[in-house]
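Observations on the model geometry
Each chain, written out:
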Amino acid sequence: MIRANAKLTAALAATLFAAAAAAGEPPPPRALAFATLPDWTGIWETEAAAASVSGAGAQAAAKGASLLPPDFKSCHAAGFPAIMNVPLSDFMFELLVTPEQTMLAATDGTVRHVYTDGRAHPKPADLWPTAAGDSIGHWDRKTLVIDTVAREAGPISPFPGSPNLSTAAHFTERLRRLDANTMEDEMTIDDPKRLTRPMQSRIRYTRVRDIDRLIPIDCEHDRDPVVNGKTVVAPP
Amino acid sequence: MNAVQHLAGIAAITLAAPCLAHHSFANFDTTKSLTLHGTVKELQWTNPHCYVQLLVTGATGSVEWSLEMNSPLASYRAGWRPGSVQRGDKVTVMLYPTKDGTPASRLISVTRADGRTLGGRPPA
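This is a predicted model, so every value here is computed, not measured.

A separate point is the overall build of chain A. In terms of regular secondary structure, chain A is built from four helices and 13 strands. Looking at chain A residue by residue over its 236 residues, the buried ones come to 35%. Long-range pairs, those at least 24 residues apart, make up 50% of the contacts in chain A between residues at least 6 apart in sequence.

Put into structure tokens, the structure is as follows:
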């Protein structure tokens, strides 16, 4: 179901540039800025998510979930930084790369805006913690270097045992495409209030080939209430 | 402030624990599987989980089972479609039953009358 959007876009851009050249006019500056950016079109998921789609991976996922505490429930968007490493087959994201910002949109509703127009983080008086924090970035050739602050205090991920971070946590990332079907995010988290040293991770993503659009996941028809300390299946 | 967490020495740690669900499956017995024959009442193609509502006739009459699946998106990727089973279809299902015996379960697979199986492989 993969569409030939990338080829179509490239062909369209070439046509526009050719038309501008034929008219004796230089391409508009924003078009030139777009031409320097990497092509990250497509839908991406973690390598672990890809492995859990069906078969043995899906069975392993069910057995893994049975080890969670009986009252565990997380029915909301993953937020940041968890969204960068959710090993579930319905968590995937798209990256929209423009000269001014790169936007990540995920199936669970998490959205990240990484502003690359040269701005700084807001002044302290204009900044407060949010689920995604405040992200700015710059391009190191084809690598997006991201700096994030002002993320809400709380666990790194909703799963038990996840380290708890303060609002002073500082995140730096290097996001890049390794080849046509693989991306990588190197992340360093520093939190002087909660961590004695920075923690680092390297997460790889693979191109999703069996889905050609982001299909939302949510909890609108939740039939798994926690009753007497246990998650149960509610009657229809 | 909570106790400082020492995370040094770990070359690479993942940001999410190796748990693969948004809720616990502790109420399901994933150490054994159960096979049932029944008639489809409804396929609920809904977030965060799809459900097959299955009518199973036993010694005490007809009992409605709620067979929990993954989300529509995850189910789609595993081969399911919103019309994969229809009301009235005779099917054989394999499932992880609840530990307390209530007629609900984690669905493993559905085999339709035409012999096609959806949902994955039998548990190891």
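Okay, back to it.
All right, on to the overall build of chain B then. Along the backbone of chain B there are one helix and six strands. Listing every helix and strand of chain B by position from the N terminus yields β-β-β-α-β-β-β. Sorting the 124 residues of chain B into buried and exposed places 43% on the buried side. Sequence separation of 24 or more characterises 49% of the internal contacts of chain B that already satisfy a separation of 6 or more.

Turning our eyes to something else, we now look at the pairing of strand β6 (residues 143–149) of chain A. Residues and elements named next belong to chain A. Side chains Leu144, Ile146 and Thr148 project from β6 onto a buried face, and the interleaved Thr143, Val145, Asp147 and Val149 project onto a face without burial. As paired elements, strand β5 (residues 134–140) and β6 share seven bridges and run antiparallel to each other. Residue pairing in the sheet places histidine 138 in a bridge with valine 145 of β6. The hairpin turn running from β5 into β6, its antiparallel successor, is two residues long, and arginine 141 in that turn takes a positive phi close to 55°. The sheet contact formed by β6 and strand β9 (residues 170–179) spans five bridges and is antiparallel.

This part takes up the sheet that holds strand β2 (residues 93–97) of chain A. All names here are of chain A. Pairing is mixed in the closed barrel, where nine strands are placed in the order β1-β2-β3-β4-β5-β6-β9-β10-β11. Each strand of the sheet is rotated relative to its neighbour by a mean of 30°, with strand direction disregarded. By the bridge criterion, eight bridges tie strand β10 (residues 182–190) to strand β11 (residues 199–207) in an arrangement that is antiparallel. Residue pairing across strands places methionine 183 opposite tyrosine 205, the latter belonging to β11.

The next subject is unusual backbone geometry. All names here are of chain A. The amide bond that connects phenylalanine 80 to the next residue, proline 81, takes the cis arrangement and shows omega of 10°. Of note in the backbone geometry, alanine 150 takes a positive phi value of approximately 60° without being a glycine. Within the secondary structure layout, alanine 150 lies in the loop between β6 and β7 (154–155). Judged by the 19 C-beta atoms lying within 10 Å of it, alanine 150 is partly exposed.

Residue and element names in this part refer to chain B. Two strands pair when backbone bridges link them, and strand β1 (residues 34–44) and strand β4 (residues 90–97) are joined in this way by six bridges, in the antiparallel orientation. Paired with glycine 38 across the bridge in β4 is valine 91. In terms of strand pairing, β1 meets strand β2 (residues 51–58) through five bridges, oriented antiparallel. Note that in β2 the partner of threonine 39 across the bridge is leucine 55. Connecting the antiparallel pair β1 and β2 is a turn made up of six residues.

Glancing now at the environment of proline 103 of chain B. Residues and elements named next belong to chain B. Assignment of secondary structure puts proline 103 in the loop between β4 and β5 (104–111). With 16 C-beta atoms counted inside 10 Å, the residue proline 103 sits in the partly exposed group. Considering only alpha carbons, one finds proline 103 and threonine 31, 72 residues apart in sequence, at a separation of 17 Å.

Before going further, it helps to spend a moment on the confidence of the model for chain B. It should be kept in mind that the predicted coordinates are not to be read in detail where pLDDT is low. On average, chain B scores 82 in pLDDT, and the residues at 70 or more come to 78%. Note that residues 1–20 of chain B has pLDDT below 50 and, in this model, 53 contacts with residues that lie over four places away or in other chains.

A few words now on the environment of valine 56 of chain B. Here valine 56 of chain B shows up in strand β2. Apart from the residues within four sequence positions on either side, valine 56 of chain B is in contact with Leu36, Gly38, Val63 and Trp65 of chain B.

By the element assignment, serine 74 of chain A lies in the loop between α4 (55–65) and β2. A sequence separation of 84 residues divides serine 74 of chain A from proline 158 of chain A, and the C-alpha atoms of the two residues are 6.5 Å apart.

Cut-offs applied
Residues numbered from 1 in each chain as written. Chains lettered and ligands numbered in written order. Predicted model: local features only at pLDDT ≥ 70, side-chain atom pairs only at ≥ 80, totals over all residues. Helix = DSSP H or I, 4+ residues; strand = E, 2+ residues; numbered from the N terminus. Buried ≥ 20, exposed ≤ 12 C-beta atoms within 10 Å, placed from the backbone. Contact = placed C-beta atoms within 7 Å. Pairing = 2+ DSSP bridges. Axes fitted to C-alpha atoms, helices over the stretch in contact; angles between N-to-C directions. pLDDT = per-residue confidence, 0-100.

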